[in-house]
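# An overview of the molecular structure
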Amino acid sequence: MKNILITGGAGFIGSHVVRLFVNKYPEYKIVNLDKLTYAGNLENLKDIENVSNYAFVKADICDFESVSNVFAKYSINGVLHLAAESHVDRSIKDPFTFAKTNILGTLSLLQAAKECWKENYSDKLFHHISTDEVYGALQFDETLFTEQTKYNPHSPYSASKAGSDHFVRAFHNTYGLPVVITNCSNNYGPYQFPEKLIPLFINNICNNKPLPVYGKGENVRDWLYVIDHARAIDLIFHKGRTGETYNIGGFNEWKNIDLIKVIIKTVDKFLGRAEGESEKLITYVTDRAGHDLRYAIDSSKLKNELGWQPSLQFEEGIEKTVKWYLENRQWLDNVTSGAYKQYYEEYYEYRDKK
Ligand code: NAD
Ligand code: DAU
């Protein structure tokens, strides 16, 4: 029997992880703890919200008392920690919130796990979901990030994620807490908040709005379909070696401008527009401060040790993603108008009072 705490389960990746675990493991209790910041959207979990092995708790990971109560109430023996501030542009404007949530919030969870588990670590695991951005940036001629690459974070976001990774390792080294860390590349797919490149651009193309390309569009990112990330997390949580780090990525590097042209072509096709018609929306804008040139991850360790590999080719993943956003315009409209907040917060407050 496992009672698993998933933090940040109302966000983009978290909602896919919650759905996978709730459906695949009916014998587990899955507790989703989320503060419902602007990025948290319970609509992402509408299809499983009434399943009997699922519970939602609205709480802040920085609130040690609330977190400890959840550990005790549900006898938590596994943690999948995804809650974070995740957008680099926001971290440039407001680094304090990133340090608080990503570093202190992670520390609060680690301390709650340590106090609750009282060194009875045999069936316990704290899995921290982190990012490839902790490794810094690559030049075009450099080899991929491996698990041995030294940490060299550049943005306030990546510095805060690096800080949280260090605390996770510190709890393993100092107190023996059983941990595993995964560092993943850029995710894309359904339910991503439309501030991130792919959903933002799909939404803007649909609405004939400018597509703001930072700098010259030459930066490179390594893209992975979100469900493949969730599958990797599932595998590592159950079969990974304690104390280890695993990189997750699909060996799928794209220059931003090339990726943007694929998105335009795919959206135009679905909307019945002439091929490339929306390229006129491309607008080069001031570059992101400290914009990392290139990320690219080597996930050979995960493949060799645990046999994981991505299930989707990129072209297939992009088609599925564009189709999903076009078929779920209401989801996008609810997010962009803010309507997603009101309804679901009221629904859960009402349910909790009953
Ligand atoms: P997201 O912004 O979509 O979701 C974050 C979730 O965390 C939201 O539901 C939000 O309400 C919740 N949250 C934020 N602050 C909280 C707090 N103080 N207490 C409780 N809940 C809080 O993020 P995402 O893109 O799904 O990323 C999830 C995790 O994966 C993050 O840790 C991120 O660093 C990591 N990651 C993301 C990517 C990516 O491409 N998106 C890649 C690698 C790693
Ligand atoms: O690498 C993993 C990381 O990927 C995660 O840890 C982060 O949580 C996630 O947000 C993502 O970070 P990026 O900064 O790479 O993602 P974003 O979608 O913001 O940007 C992707 C690239 O596109 C980046 O080079 C900046 C560029 N960009 C982005 C936006 C939003 C633009 O050119 N225009 C835009 O409007």
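Each remark here, short or long, concerns the structure printed above.
Being a predicted model, the structure only gives us computed values, none of them experimental.

## Some details on the overall build of the chain
From N to C terminus, the chain includes 12 helices and 12 strands. The C-alpha radius of gyration computed for the chain amounts to 20 Å, which stays within 12% of the reference 20 Å derived for 354 residues, consistent with globular compactness. Overall, the chain is about 60 × 50 × 40 Å in size when its C-alpha atoms are taken along their principal axes. A total accessible area of about 15,400 Å² is found for the chain, and carbon and sulfur atoms account for 50% of it.

## Structural notes on the site of ligand 1
As a structural note, the neighbourhood of ligand 1 is formed by 28 residues, with Ile13, Asp34, Ser86, Tyr157 and Lys161 the closest of them. Between ligand 1 and aspartate 60 there is a distance of 2.8 Å, counted from a nitrogen atom to a side-chain nitrogen or oxygen. Protein chains shield 97% of the accessible area of ligand 1, which is 840 Å² for the free molecule. For the shell around ligand 1, the secondary structure elements donating two or more residues are α1 (12–24), β5 (125–131), α5 (156–175) and β7 (186–188).

## Considerations on helix α11 (residues 329–337)
Regarding α11, the residues found buried are Trp331, Leu332, Asn334 and Val335. End-on, the buried residues of α11 take up no more than an arc of 160°, which puts them together on one face. Set apart from the buried face of α11 by more than 90 degrees, the exposed residues are Gln330 and Ser337. Positioned one or two residues after α11, glycine 338 has a phi angle of 90°, which is positive.

## Overview of the pattern of salt bridges
For the structure on display, the rule yields 16 salt bridges. Close ionic contact of glutamate 244 with lysine 301 constitutes a salt bridge, the shortest N to O distance being 2.6 Å. Within this pair, whereas glutamate 244 is found in the loop between α7 (226–239) and β10 (245–248), its partner lysine 301 is found in helix α9 (residues 300–306), the two being separated by 57 residues in sequence. Look at the salt bridges and you will find they share partners, linking Arg241, Glu244, Lys301 and Glu305 into a network.

## Focus: the pairing of strand β2 (residues 29–34)
Counting buried positions along β2 gives five out of six residues, so the element sits mostly inside the fold. Bridging between strand β1 (residues 3–7) and β2 involves five bridges; their strand directions are parallel. Bridging across to β2, isoleucine 4 finds its partner in isoleucine 30. Handedness of the crossover is the feature at issue here: the chain leaves β1, passes through α1, returns alongside β2, and the resulting connection is right-handed.

## Remarks on the nonpolar core
Counting 38 residues, the largest nonpolar core has Ile6, Val17, Phe21 and Leu80 as its most contacted members. The contacts of phenylalanine 21, once residues within four sequence positions are left out, are Ile4, Ile6, Tyr28, Ile30, Leu80, Asp234, Phe237 and His238. Core analysis: the next-biggest nonpolar cluster, separate from the first, contains 33 residues, Phe193, Cys206, Leu211 and Val335 among them.

## A few points about the packing of helix α8 (residues 256–271) against helix α10 (residues 314–327)
The geometry of a pair of packed helices is captured by two quantities: the angle between their axes and the separation between those axes. At their nearest, the axes of α8 and α10 sit 10 Å apart, and the two run at 50° to each other. By the criterion of interaxial angle, the relationship of α8 to α10 is oblique. Handedness of the crossing formed by α8 with α10: right-handed. Contacts between α8 and α10 involve Leu259, Val262, Thr266, Val267, Lys269, Phe270 and Leu271 from the former and Phe314, Ile318, Glu319, Val322, Lys323 and Leu326 from the latter. Looking at the contact of α8 with α10, its residues break down into nine nonpolar, one polar and three charged.

## So, the sheet that holds β7
Pairing in this open sheet of three strands is mixed, and the strands run β7-β9-β11 from one edge to the other. Pairing within the sheet leaves two strands with one partner each, and these edge strands are β7 and β11 (253–255). The average angle at which neighbouring strand axes cross in this sheet is 50°, direction not considered. With three bridges connecting them, β7 and strand β9 (residues 220–225) associate as parallel partners. By the bridge assignment for β9, tyrosine 188 is matched with tyrosine 225. Most of the contacts of α8 go to β11, to which it runs at about 90°, and overall it touches β9 and β11.

What counts as what
- Residues numbered from 1 in each chain as written.
- Chains lettered and ligands numbered in written order.
- Predicted model: local features only at pLDDT ≥ 70, side-chain atom pairs only at ≥ 80, totals over all residues.
- Heavy atoms only, no water.
- Helix = DSSP H or I, 4+ residues; strand = E, 2+ residues; numbered from the N terminus.
- Rg over C-alpha atoms; globule rule 2.2 N^0.38 Å.
- Areas by Shrake-Rupley, 256 points an atom, 1.4 Å probe, with all protein chains shown as cover.
- Near = heavy atom within 4 Å.
- Polar contact = N/O pair within 3.5 Å; in protein donor to acceptor, adjacent residues only side chain to side chain.
- Buried < 20%, exposed > 50% of the residue type's maximum accessible area, 1.4 Å probe, protein only.
- Arc of directions from axis to C-beta.
- Salt bridge = Lys/Arg side-chain N within 4 Å of Asp/Glu carboxyl O.
- Pairing = 2+ DSSP bridges.
- Right-handed = clockwise from strand over helix to strand, strands pointing away.
- Core = buried A, V, L, I, M, F, W, Y, C linked by side-chain atoms within 4.5 Å.
- Contact = heavy atoms within 4.5 Å.
- Axes fitted to C-alpha atoms, helices over the stretch in contact; angles between N-to-C directions.
- Parallel < 35°, antiparallel > 145°, perpendicular 65-115°, else oblique.
- Left-handed = near helix turned anticlockwise from the far one by under 90°.
- Nonpolar A, V, L, I, M, F, W, Y, C, P; charged D, E, K, R; others polar.

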